[in-house]
Amino acid sequence: MQAYLELMRDILAHGSDRSDRTGVGTRSVFGRQLRFDLSAGFPLLTTKRVHFKSVVLELLWFLAGSTSNTWLNQRGVTIWDEWAAPDGDLGPIYGAQWRRWPTADGTTIDQLSELVRSLRQDPDSRRHLVSAWNPAVLPLGGVAPADNAAAGRMALAPCHCLFQCYVDQGRLSLQLYQRSADLFLGVPFNIASYALLTHLLAQQCELEPGDLVHTFGDVHLYQNHLTAEIVHEQLRRTPRALPRLEIRTRAPSLFDYQPEDFALLNYDPHPSIRAPIAV
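Residues numbered from 1 in each chain as written. Predicted model: local features only at pLDDT ≥ 70, side-chain atom pairs only at ≥ 80, totals over all residues. Heavy atoms only, no water.

Asks: Even after reading the chapter, I still don't get the sheet that holds strand S1 (residues 16–18), so can you show me in this structure?
Replies: Remark on secondary structure: sheet strands pair via backbone hydrogen bonds, oriented parallel or antiparallel. Read from one edge to the other, the open sheet built from six strands follows the order S1-S2-S8-S7-S6-S5, with strand pairing classed as mixed. Of all strands in the sheet, those with a lone pairing partner are S1 and strand S5 (129–131), marking the two edges. Strand after strand, the sheet turns through a mean of 20 degrees between neighbouring axes, direction not considered. For S1 and strand S2 (residues 26–37), the ladder comprises three bridges, and the chain directions are antiparallel. Within S2, the position partnered with Arg-18 by the bridge is Thr-26. Running over the sheet, helix H7 (residues 186–204) touches S2, strand S6 (160–168), strand S7 (171–182) and strand S8 (208–222) and is turned about 155 degrees from S7. (Pairing = 2+ DSSP bridges. Helix = DSSP H or I, 4+ residues; strand = E, 2+ residues; numbered from the N terminus. Axes fitted to C-alpha atoms, helices over the stretch in contact; angles between N-to-C directions. Contact = heavy atoms within 4.5 Å.)

Structural data, given as C-alpha cells:
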C-alpha cells in the first residue's frame with residue numbers, strides 16, 4: 001500500500017486548495033491511478049485500521065439492491081447515517097442503479113446480473129461495464145439529502161460511479177473510475193470494497209482474481225485532515241504485510257453471499273486514526 005501513501009504525498013506537494021460542496025475545502029489533484037495485484041494479498045490499508053466488517057456489509061447491501069440505511073444500522077454499520085432520511089431512505093443510490101436501472105419503457109435493467117452473464121458467455125467483450133451515474137436522479141444542489149431522497153433522487157451523488165471488467169488468461173481484473181475521492185477516509189474503504197467485488201465476480205465466473213485498477217478524477221484531502229494527528233500521522237507510519245482474504249464458500253450466485261462467508265487472515269494494522277467526515 002506504499003502507492004497509496006505516495007498519492008497522499010503527491011496531493012500535499014502538488015495539490016491545489018479548492019472550495020467544495022461541503023464547505024470544508026480540499027487540497028486536490030486530478031487524474032491519478034493506483035493498481036493492486038490481488039494475488040499479492042488483499043489491499044486493505046495497514047497504516048491505520050480499516051473496519052473490514054463494514055466493507056463486507058456495505059458491499060452485500062449494494063449487491064442486494066438495497067437503498068435503505070436501516071438494513072445497515074441493524075447490523076451496526078453507520079457509514080451512511082449522515083445522508084439518510086429519518087426512515088432510512090437514501091433514494092436510488094448505488095444498489096438501485098446496479099440492480100434496477102430504469103428504462104424509458106418502464107422496465108429495469110439488472111446491470112450486475114448482465115455483467116455476470118456476459119463475463120461467462122463472452123469474456124473477451126469490451127462491454128463488461130456497470131454504471132451508477134444516472135443524471136436523471138442525481139441530487140439537486142442546495143437541497144438536503146433527505147429531501148432529495150423524498151423527491152425520488154439520490155441522497156448523495158455516486159463518487160465511485162463506473163467500473164469495467166477485463167478477462168485475460170483466466171484472470172479477472174476490474175477498473176474503477178472514481179470521480180470524487182476523499183483519500184483519507186473514503187479511498188481505503190473503496191479499495192477494499194472493489195477488491196472484494198473482484199474476488200466475488202472471479203469466483204462466480206470460475207476465474208482467478210487479477211488486478212484492481214483504481215482511477216481517480218478529483219482526488220483530495222480535506223483541509224481539516226491536514227494535521228499532525230491525521231494525515232501526517234499516517235505518513236509517519238510504515239506499511240505492514242497485506243492480509244489474505246478467505247472466501248469460505250462459493251455462494252449459488254453473486255447475490256447470495258453472507259457476512260460469515262468471509263475471513264480476513266493476518267491483518268496487523270497500525271491503530272485507527274479518527275477524522276471528521278465532510279457532509
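Asks: What am I meant to see in the pattern of salt bridges here?
Replies: Pairing between side chains of opposite charge can happen when their charged atoms approach one another. This structure, assessed with the given rule, holds 12 salt bridges. The closest approach of N and O atoms between Asp-211 and Arg-35, which form a salt bridge, is 3.1 Å. Within this pair, whereas Asp-211 is found in strand S8, its partner Arg-35 is found in strand S2, the two being separated by 176 residues in sequence. Owing to a relative accessible area of 16%, Asp-211 belongs among the buried residues under this scheme. For Arg-35, a relative accessible area of 53% translates into the label exposed. For the salt bridge of Arg-240 with Asp-268, the shortest nitrogen-to-oxygen distance reads 3.6 Å. Note that Arg-240 is positioned in the loop between helix H8 (231–235) and strand S9 (244–247) and Asp-268 in the segment after strand S10 (262–265), a separation of 28 residues in sequence. The class for Asp-268 is partly exposed, based on a relative accessible area of 46%. Taken together, the shared-partner salt bridges in this structure form one network comprising Arg-35, Asp-37, Arg-171 and Asp-211. (Salt bridge = Lys/Arg side-chain N within 4 Å of Asp/Glu carboxyl O. Buried < 20%, exposed > 50% of the residue type's maximum accessible area, 1.4 Å probe, protein only.)

Asks: Could you clarify how one ought to interpret the nonpolar core in this entry?
Replies: A general trend in soluble globular proteins is that nonpolar side chains are found buried together. Of all hydrophobic cores here, the largest spans 82 residues; its most connected members are Trp-80, Trp-98 and Phe-163. Per-element tally for this core: the top contributor is H7, with 11 residues. Excluding anything up to four places from it in sequence, Trp-80 contacts Glu-58, Trp-61, Phe-62, Asn-69, Leu-72, Leu-90, Ile-93, Tyr-94 and Leu-156. (Core = buried A, V, L, I, M, F, W, Y, C linked by side-chain atoms within 4.5 Å.)

Asks: Just checking my understanding: could you explain a nonpolar patch on the surface for this structure?
Replies: Judged by side-chain polarity, Phe-30, Leu-129, Leu-162 and Tyr-177 come together as a nonpolar surface patch covering roughly 370 Å² of accessible area. Here Tyr-177 lies in strand S7. The partly exposed category is assigned to Tyr-177, whose relative accessible area is 31%. (Patch = residues over 30% accessible without salt bridge, like charges linked within 9 Å, V, L, I, M, F, W, Y side chains within 5 Å. Areas by Shrake-Rupley, 256 points an atom, 1.4 Å probe, with all protein chains shown as cover.)

Asks: Teacher, can you tell me more about the environment of Ala-3 here?
Replies: Within the secondary structure, Ala-3 is located in helix H1 (residues 2–14). Separated by 30 residues in the primary sequence, Ala-3 and Gln-33 place their C-alpha atoms 9.4 Å from one another.

Asks: Is there a simple way to think about the side chain of Ser-173 in this case?
Replies: You can see Ser-173 is positioned in strand S7. Looking at Ser-173, its side chain comes within polar contact range of the main-chain nitrogen of Asp-211, at 2.9 Å. Leaving out residues up to four positions away in the same chain, Ser-173 has contacts with Gln-164, Cys-165, Tyr-166, Gly-210 and Asp-211. (Polar contact = N/O pair within 3.5 Å; in protein donor to acceptor, adjacent residues only side chain to side chain.)

Asks: Would you mind showing me how to read H1 here?
Replies: Three or four residues apart is the spacing at which side chains of an α-helix point the same way, because the helix has 3.6 residues per turn. Between its terminal C-alpha atoms H1 stretches 18 Å, which fits the 18 Å expected from 13 residues at 1.5 Å a residue. When H1 is considered as a whole, its buried residues turn out to be Tyr-4, Leu-5, Leu-7, Met-8, Asp-10 and Ile-11. (Expected span 1.5 Å × (residues − 1).)

Asks: Looking at this model, I keep getting lost on unusual backbone geometry. Mind explaining?
Replies: As a rule of thumb, non-glycine residues mostly have phi less than zero, and peptide bonds are mostly trans rather than cis. Even without a glycine there, the phi angle at Gln-169 is positive, about 50 degrees. Assignment of secondary structure puts Gln-169 in the loop between S6 and S7. Classification of Gln-169 as exposed rests on a relative accessible area of 73%. With phi around 55 degrees, Glu-206 is a residue other than glycine that occupies positive phi space.

Asks: Would you mind showing me how to read the state of the cysteines here?
Replies: Here the structure, examined in full by the defined rule, presents zero disulfides. Looking at the unpaired Cys-159, the closest cysteine sulfur is the one in Cys-161, lying at 8.5 Å. (Disulfide = S-S within 2.5 Å.)

Asks: What am I meant to see in the packing of aromatic side chains here?
Replies: Given two aromatic rings, one states the distance between the centres and the angle between the planes to describe the pair. If you walk through the whole model with that rule in mind, you get 12 aromatic pairs. Look at Tyr-94 and Trp-98: their rings are 6.5 Å apart centre to centre, the planes differ by 70 degrees, and that puts the pair in the edge-to-face class. Of this pair, Tyr-94 and Trp-98 both sit in helix H4 (residues 94–99), separated by four residues, roughly a single helical turn. Ring centres 5.7 Å apart and planes at 65 degrees place the aromatic pair Phe-163 and Tyr-194 in the edge-to-face group. Linking Phe-163 in strand S6 with Tyr-194 in helix H7, this pair joins segments that are 31 residues apart in sequence. Take Phe-163 and Tyr-194: they sit in the same class, and that class is buried. Positioned over the ring face of Phe-184 is Lys-48, at 3.7 Å from the centre of the ring. Positioned over the ring face of Phe-255 is Arg-99, at 3.7 Å from the centre of the ring. (Phe/Tyr/Trp six-rings, centres within 6.5 Å; stacked < 30°, edge-to-face > 60°. Lys NZ or Arg CZ within 6 Å of the ring centre and 35° of its normal.)

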